[in-house]
Amino acid sequence: MHASSRSQGRSAGLGLALLSAFAFGGSGVAAKPLIEAGLDPLHVVWLRVAGAAVIMLPVAWRHRNLVRERPALLAGFGLFAVAGVQAFYFASISRIPVGVALLVEYLAPALVLGWVRFVQRRPVTRAAAVGVVLAVGGLACVVEVWAGLGFDLLGLLLALGAACCQVGYFVLSDHGGQDGGSGDGAEPPHPVGVIAYGLIVGAAVLTVVSRPWSVDWALLGGSAGMNGNEVPAWLLLGWIVLLATVLAYVTGVVSVRMLSPQVAGVVACLEAVIATGLAWVLLGEHLSAPQLIGGFVVLTGAFIAQSAAPKPPSGPVAAGAGTGAEAGPVEGELSHGWAPH
């Protein structure tokens, strides 16, 4: 009976993880038509984060102790994993295909390992080095370096900026975990609580940066083109806020707690596959055969690099690329987590 319940729990966890990956993977597909309709990428990010933050306010109140206990973690999550990653990602998809932008972000595990090896001067495993080589080599195929970079260079740099924000959050959470003290027997921070406050912090930062009072609200009352079809703009915004943010996070958190780290890591990598597939079907963004092969190599290398990466003592890294993260935020595990998209 016990084995049967465990099997049912794993099946339910896998289903929730897949739902989370689909939800996260659809954020860029829903955002790009709004950007092409005239909304500034930063305004789309602000609408997404602020809307989700309002919905998550009751959760933030329930976990209000986190403000006193883990202020650095909440600030880092909001600044890097929420505001930074999403702002760079949405800006990049305004210039390059969704799938390419997300695959560029999968360099984050390789960048983390580079930080560990060359900045912290800590050894990395041979498997980690192989993962880095695969990720970089696969990315060369994705951006078609033999064609002299067939994509907008600024768009690629913006996607790389999103990857660097993921690295920044990992470094901050690593130091925060060392300073914050997990050795005093205290419970690790609840991932949903960290998400709620991360969204609030992210919304505050983006309010200053994006100046939402200049949003052209009339555009949200109109429609946006999606591969030749007109879709109400408010429906796309609802998709981004409710499905690609709130639902994605909640299902991701629950699923990770029901699955093994290995399974969670594999499902996390499906987000890029799902995002590329949705962009192909809904936006008509086709990738060539070498790009698809390169994307598979990037994901393989990223998964190996994630599995070999050092794990911070505490604090979630939200799921998406990555990623992110993920299929969702995981306490103390870089290898299953990504900043949201």
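About the criteria used
- Residues numbered from 1 in each chain as written.
- Predicted model: local features only at pLDDT ≥ 70, side-chain atom pairs only at ≥ 80, totals over all residues.
- Heavy atoms only, no water.
- Patch = residues over 30% accessible without salt bridge, like charges linked within 9 Å, V, L, I, M, F, W, Y side chains within 5 Å.
- Areas by Shrake-Rupley, 256 points an atom, 1.4 Å probe, with all protein chains shown as cover.
- Salt bridge = Lys/Arg side-chain N within 4 Å of Asp/Glu carboxyl O.
- Helix = DSSP H or I, 4+ residues; strand = E, 2+ residues; numbered from the N terminus.
- Buried < 20%, exposed > 50% of the residue type's maximum accessible area, 1.4 Å probe, protein only.
- Expected span 1.5 Å × (residues − 1).
- Arc of directions from axis to C-beta.

Q: Before we go on, may I ask you to explain a nonpolar patch on the surface in this structure?
A: Taken together, Leu14, Leu18, Phe22, Leu270 and Val273 make up a surface patch of nonpolar side chains, about 390 Å² in accessible area. When residues of the nonpolar patch are traced back to their parent elements, those giving at least two are helix H1 (2–25) and helix H13 (261–283). Among the elements that take part in the nonpolar patch, H1 stands out by supplying three residues, more than any other. With respect to the secondary-structure elements, Leu18 resides in helix H1. Accessibility expressed as a relative area gives 32% for Leu18, which makes it partly exposed.

Q: What should I look at first to understand unusual backbone geometry in this one?
A: Backbone geometry follows two general trends: most residues other than glycine have a negative phi, and most peptide bonds adopt the trans configuration. The phi dihedral of Arg211 is positive, around 50°, even though this residue is not glycine. In this structure, Arg211 sits in the loop between helix H11 (191–210) and strand E1 (223–226). We note that Asn227 has phi near 55°; this positive angle belongs to a residue other than glycine.

Q: Is there a simple way to think about helix H9 (residues 126–142) in this case?
A: One full turn of an α-helix is made of 3.6 residues, so residues set three or four places apart face in the same direction. Helix length check: H9 (17 residues) gives 24 Å between terminal C-alpha atoms against 24 Å at 1.5 Å per residue, within 8%. Three or more residues of H9 are buried, namely Ala128, Gly131, Ala135, Gly138, Leu139 and Val142. With its buried residues spanning 105° around the axis, H9 presents them on a single face. When the buried face of H9 is taken as reference, the exposed residues oriented beyond 90 degrees from it are Arg126 and Val133. One or two steps after H9, the chain reaches Glu144, where phi turns positive at roughly 55°.

Q: Looking at this structure, how should I read the pattern of salt bridges?
A: Pairing between side chains of opposite charge can happen when the charged atoms of each approach one another. What the rule picks out here adds up to three salt bridges. Measuring nitrogen to oxygen at the nearest pair gives 2.6 Å for the salt bridge that ties Glu285 to Lys32. Of this pair, Glu285 sits in the loop between H13 and helix H14 (289–308) while Lys32 sits in helix H2 (residues 27–36); the two residues are 253 residues apart in sequence, bridging distant segments of the chain. Both residues of the pair, Glu285 and Lys32, count as buried. Ionic pairing is found between Arg95 and Asp152, a salt bridge with its closest N-O pair at 3.0 Å. Here Arg95, found in the loop between helix H6 (71–93) and helix H7 (98–105), pairs with Asp152, found in the loop between H9 and helix H10 (153–180); they are 57 residues apart in sequence, far enough to count as distant.

Q: Mind showing me how you'd approach H2 here?
A: Most of H2 is tucked away: nine of the 10 residues are buried. Those residues of H2 not exposed but buried are Ser27, Gly28, Val29, Ala30, Ala31, Lys32, Pro33, Leu34 and Ile35. Note on H2: the residue one or two positions beyond its end, Gly38, has a positive phi of about 130°.

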